[in-house]
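# Per-entry structural report
Listed below are the residues making up each chain.
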Amino acid sequence: MASSFSRLRELFERCLEVPEGERPQWFETHVPDTGERIELELMLAADCHATGFLRDDVAAHLDRIAAHAGDDEVPPEALLGRRYGTFELRRLIGRGGQGTVYLAERVGGDFAQTVAVKLLHRGIHDAGELRRFRRERAILARFEHAGVARLIDGGVSADGIPYLAMEYVDGEPIDRWCEHNAPSVEARLRLFLDLCSVVAAAQRALIVHRDLKPSNVLVGSGGTIKVLDFGIAHLLDDGDDEAATRPQMLTPGYGAPEQVHGGAVTLATDVYALGVLLRLLLTGIAPAESPSAQPVALPAQLPVELRWILAKACASAPGLRYRDAATLADDIRRLLACQPVSAHPPSRTYLLRKFAQRHRGGILVTAALVAGVLASLALSLWQAGIAREQARRAQATRDFVVGLFETANEDLPADARPTPDVLVRAAAKRLAIDTSLAPASRADFLATLGEVAKNGNDYAAALDFYDQALQALGSTVAHDAPARLAIEIKRAWALGALDRGDAAADVLRPHLARLRANADDLTVEALWAYADAREAAGHGDEAPALLGEARDLALRLHGADAVESLRIAFAHSRALTQVGELVAAKAELTDALARWQRLAVPVQQDYAVALGNLALLQRRLGDYTQAIATTTEALALSRRIHPRPHEDTAALLQVLGQLHAERGETAQASSLLQEAATMLESLLPPGHALRIGVAGSLGLLAFERHEYAQSVRLLEQSIEACRSSAAPSSRCATNEQWLSTSLLRLGRLDEARAANAHALARRAQLQGTTNPDYAIMLRGRADVRLAEGNPAAALADYDAALALIAQAGIDASLERASALGGRAESLLALDRPGEALETLDTAQRITTSLAPANAGRLLRLLAARARG
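Residues numbered from 1 in each chain as written. Predicted model: local features only at pLDDT ≥ 70, side-chain atom pairs only at ≥ 80, totals over all residues. Heavy atoms only, no water.

## Re the pattern of salt bridges
In the structure shown here, the tally under the stated rule is 35 salt bridges. Here Arg321 and Glu258 are joined by a salt bridge, their closest N and O atoms 2.8 Å apart. Of this pair, Arg321 sits in the loop between helix 10 (304-313) and helix 11 (325-336) while Glu258 sits in helix 8 (residues 257-260), and the two are 63 residues apart along the sequence. In this structure, the salt-bridge partner of Arg823 is Asp799, at a minimum N-O distance of 2.5 Å. Placement of the pair is Arg823 in helix 34 (residues 814-829) and Asp799 in helix 33 (residues 791-808), with a sequence separation of 24 residues. With a relative accessible area of 17%, Arg823 lands in the buried category. Classification of Asp799 as partly exposed rests on a relative accessible area of 32%. Linked by salt bridges that have partners in common, Arg619, Arg620, Glu662, Arg763, Asp773 and Glu815 make up one network. (Salt bridge = Lys/Arg side-chain N within 4 Å of Asp/Glu carboxyl O. Helix = DSSP H or I, 4+ residues; strand = E, 2+ residues; numbered from the N terminus. Buried < 20%, exposed > 50% of the residue type's maximum accessible area, 1.4 Å probe, protein only.)

## Topic: helix 6 (residues 174-181)
Residues separated by three or four positions in an α-helix point in the same direction, a consequence of the helix having 3.6 residues per turn. Along helix 6, the residues classified as buried are Ile174, Asp175, Trp177 and Cys178. Along the axis of helix 6, the buried positions cluster into a sector of 160°, meaning they face one direction only. For helix 6, the exposed residues lying more than 90 degrees away from the buried face are Glu179 and His180. Where helix 6 is buried, its residues meet strand 7 (172-173), helix 7 (185-204), strand 9 (217-219), strand 10 (225-227) and helix 9 (267-283). (Arc of directions from axis to C-beta. Contact = heavy atoms within 4.5 Å.)

## What about the sheet that holds strand 2 (residues 87-95)?
Spatially, six strands are ordered 1-2-3-4-6-5 in an open sheet, and the strand pairing comes out antiparallel. The sheet terminates laterally at strand 1 (83-84) and strand 5 (151-156), the two strands that pair on one side only. With seven bridges joining them, strand 2 and strand 3 (residues 99-106) adopt antiparallel strand pairing. From the neighbouring strand, Glu88 faces strand 3, where its bridge partner is Glu105. (Pairing = 2+ DSSP bridges.)

## Some thoughts on the environment of Arg574
Its place among the elements puts Arg574 in helix 22 (residues 563-578). Considering only alpha carbons, one finds Arg574 and Ala543, 31 residues apart in sequence, at a separation of 9.3 Å. When neighbours within four sequence positions are excluded, Arg574 is seen to be in contact with Glu535 and Asn613.

## Side note on the side chain of Ser670
Tracing the backbone through its elements, the reader meets Ser670 in helix 27 (residues 666-681). For Ser670, a relative accessible area of 18% translates into the label buried. Other than its neighbours up to four places away in sequence, Ser670 contacts Leu701 and Arg705.

## Looking at helix 24 (residues 605-620)
Under the 1.5 Å per step criterion, the end-to-end length of helix 24 is 23 Å for 16 residues, consistent within 8% with the ideal 22 Å. Taking burial as the measure, the 16 residues of helix 24 include 13 buried ones, the bulk of the element. Of the residues flanking the end of helix 24, it is Gly622, one or two places downstream, whose phi is positive at about 95°. (Expected span 1.5 Å × (residues − 1).)

## Side note on the nonpolar core
Counting residues in each nonpolar core, the largest one holds 75 residues, and the members touching the most others are Phe570, Leu589 and Leu593. Ignoring any residue separated from it by four or fewer positions in sequence, one finds Leu593 in contact with Phe570, Tyr607, Ala610, Leu611 and Leu614. Core analysis: the second largest hydrophobic core is formed by 51 residues, Phe143, Val185, Ala202 and Leu336 among them. (Core = buried A, V, L, I, M, F, W, Y, C linked by side-chain atoms within 4.5 Å.)

## Side note on the packing of helix 34 against helix 36 (residues 855-867)
When two helices pack together, their arrangement is given by the angle between their axes and by how far apart the axes lie. In the contact formed by helix 34 and helix 36, the axes pass within 10 Å of each other and the chain directions differ by 25°. Relative to helix 36, helix 34 is oriented roughly parallel. The handedness of the crossing between helix 34 and helix 36 comes out as left-handed. Across from Leu814, Ser818, Gly821, Glu825 and Leu828 in helix 34, the residues of helix 36 making contact are Arg857, Arg860, Leu861, Ala864 and Arg867. Grouping the amino acids of the contact of helix 34 with helix 36 by side-chain chemistry returns four nonpolar, two polar and four charged. (Axes fitted to C-alpha atoms, helices over the stretch in contact; angles between N-to-C directions. Parallel < 35°, antiparallel > 145°, perpendicular 65-115°, else oblique. Left-handed = near helix turned anticlockwise from the far one by under 90°. Nonpolar A, V, L, I, M, F, W, Y, C, P; charged D, E, K, R; others polar.)

## A word on the pairing of strand 6 (residues 162-167)
Here strand 6 lies mainly inside the structure; five of its six residues are buried. In this sheet, strand 6 lies alongside strand 4 (residues 114-120) in antiparallel orientation, the contact comprising five bridges. Bridge pairing links Ala116 to Met166 in strand 6. Here strand 5 runs beside strand 6; their pairing, made up of five bridges, is antiparallel. Across the sheet, Gly155 pairs through a bridge with Tyr163, a residue of strand 6.

## Observations concerning the sheet that holds strand 9
Strand order in the open sheet made by the three strands is 7-9-10, with antiparallel pairing throughout. At either end of the open sheet lies a strand with only one pairing partner, and these are strand 7 and strand 10. Judged from the two bridges that link them, strand 7 and strand 9 form a sheet pairing that is antiparallel. Each residue of the ladder has a partner; that of Pro173, found in strand 9, is Leu218. Docked against the sheet, helix 7 engages strand 9 and strand 10, running at close to 40° with respect to strand 10.

## Focus: the packing of aromatic side chains
In total, this model carries five aromatic pairs according to the counting rule given. Between Trp596 and Tyr607 the ring centres are 5.7 Å apart and the planes differ by 40°, which places this aromatic pair in the tilted class. In this pair, Trp596 sits in helix 23 (residues 582-598) while Tyr607 sits in helix 24, placing the two residues eleven residues apart along the sequence. The structure contains a cluster of three or more aromatic residues connected by ring pairs, namely Phe570, Trp596 and Tyr607. Sitting above the plane of the Tyr322 ring, Lys312 keeps its charged end 4.8 Å from the centroid. (Phe/Tyr/Trp six-rings, centres within 6.5 Å; stacked < 30°, edge-to-face > 60°. Lys NZ or Arg CZ within 6 Å of the ring centre and 35° of its normal.)

## Quick notes on the packing of helix 34 against helix 35 (residues 833-850)
At a minimum axis distance of 8 Å, the contact between helix 34 and helix 35 shows a crossing angle of 155°. Relative to helix 35, the element helix 34 is oriented roughly antiparallel. As helix 34 packs across helix 35, the resulting crossing turns out to be left-handed. Each of Leu814, Arg816, Ala817, Leu820, Gly821, Arg823, Ala824, Leu827 and Leu828 in helix 34 lies in contact with helix 35, whose residues at this interface are Pro833, Glu835, Ala836, Thr839, Leu840, Thr842, Ala843, Ile846, Thr847 and Leu850. Of the residues assigned to the contact of helix 34 with helix 35, the class counts are twelve nonpolar, four polar and three charged.

## Considerations on the environment of Ser682
Inspection of the secondary structure puts Ser682 in the loop between helix 27 and helix 28 (689-704). Classification of Ser682 as exposed rests on a relative accessible area of 53%. Note: C-alpha distance between Ser682 and His646 (36 residues apart in sequence) is 9.4 Å. In terms of polar contacts, Ser682 uses its side chain to reach the backbone carbonyl oxygen of Met679, at 2.7 Å. (Polar contact = N/O pair within 3.5 Å; in protein donor to acceptor, adjacent residues only side chain to side chain.)

## Notes on the pairing of strand 2
Two faces, one strand: in a regular strand the side chains alternate between the faces of the sheet. By the bridge criterion, two bridges tie strand 1 to strand 2 in an arrangement that is antiparallel. When the sheet's bridge partners are listed, Tyr84 is paired in strand 2 with Phe87. Hairpin remark: strand 1 followed by strand 2, antiparallel, with two residues in the connecting loop; positive phi at Gly85, about 65°.

This is the structure in structure tokens:
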């Protein structure tokens, strides 16, 4: 009986596709049995004049069942236990505008299988609907993607209800998943990018989902995206004229305006739903049910570029939206990579920036200059009672800018267009001969040129431009006017970068009282620059208090989650690191980085430098694995921000190289440190602190390779550079101590003793004797005393070093392991083998955990154990 019905059903479906005039011939060919022909003709007649069950939606059937079952029963449960194809309905999952979904199990097969069966609300009423259903089923069958719930089976039941058996996805809607897991804004954007990649793949297959909403986007336990319900997808190349007359299938709030009004469905239709969904994920604000409702008010803290992206994605007109999901995803990626987004509203500044993007470095410099001039000009134009003289000055400013653009003419051949340094020189030359510019405009231009030079690591040129800017202001601007103070602060930054910390402090010191009284953003910047100057002058112990004052003022001015407050928190954390307050420094830095990520502030150089500082803290606190991962992330970001050589990139290369050197991974360390050294040679003078630091790291690398003579040579060169440096550096003290250790390995005891004495004195001068860095020098003196045959004095120094390390909370560190190893050797020399072996156990455990590839360190500990 079942096989007979199945054959009739198959014949019925095939016959529906045959035009009525051709059916008699089709019957003669395909239905020779008279009984089957009669049954089939009755089914066709019933289909043409169907009333009752076959004409009703599934929802109507459920309502009738509910009316007979009573109020205490859930109507959809009436279908539980029924079979659709090879699947038996076991549990209701949910109901929507398109259908009802059940959890179902395969019955009667050789294997068990759990699926989600969707019963569509509309039955199969005519041949056209059957064709559409088959087409939708074909869409799912042909479109395979890891992010889409897979189609397993589908058909039409005996009572005319179409069904689809889909892969069952164990997950929760994307909005609820975000509520429960509270990911950062950046993590939400990356999750959204996964969704966009699924939708983009469908759109490349010319498939539009048309019903994207949270319940159709599930997130599994591993954070993987699965998109459900492509059953109402519109195939762009199907040419179905009936689409316009079918009822619109959408979810209020997520359906695009063209869906609501019966317009054409395009790829931009799904973009609208994606935009609404992104807005929900970022703000928690549910969408209005009608696109014509009042626009949703976005939270004030939402970054402006995200506002632009949401506005473009949710534009009423399809032509104003992103073209497709892939284009939307590209803008999100640009935002995450600190690049300009295409959703930026049109403006003169924006067009100027686009012009600069086409012509890269050279025009970018010019664009920066123009932006500064336009801002200054706009401010002046709003002043009351504009005089004729001001109009003349504005005209002179415009002429100056036009002249610069002529220098960078885009019609020139690519190899003839000016580079940034050429544009800067051209601008400086024009300023020298152009007498029509007002002093304030001339000063603005010169200060901008100084910023360009500073960003290009040419601090000497930057300082010269700042000096010229102050000279241009002359007596026209008061000594303590904000315009003059802003340039003085920039000048101090440049002096500090040139290791002229005392000169930088002298620039700022006379203005600090007035700046503190003003208590504004300029005060924050001045305190920061002054702290940097004092550190460059060898007074780093003053930096935490100065930066703490600047941080507290930034918090009062902007709040804890503002970029201004986060940047100063990064700097304050670094200052705490310098004075040895490592645990407090890491806590503040970790909190600031987490806030930056939660706010989805675009990552930039401040963020990259902060990551590098976090890596240093992780290393000092014994987490080498995480330190390497963090430095690698920071280095990749710095390379994106600075495609050309930059001192921040070189500093991160040095950190990563030294991490690998200390772990004994010398091949990786050599490549990174050589790149850092080469990069800095082209950027900074030999006596700069960064170059001294890299030279010291190369000396350490040679030491870890047991190339002690090479280590001595490199370290002596770095110390000679220290002597010619304008300001003392803590890196010099570290290099002197590494020199002492290398000399000791070569048996040059007197020289080792002298180098250690210099290191102790320099470190005490710079940071005092309670800083954990002083412990390294104490351990060096203990090594010398042990080599001199004075184990008792050596033991006292080792214990003093270990006390400083414990006070700083860096028990799990290579510094502690080295001090413990030396302490054990002192104990052995004092004939206390029991204590020595216990100490060696701890040293060996730390070294094996942090530097398993450093054979030299481990062998030294094993040799000491053998002597015990």
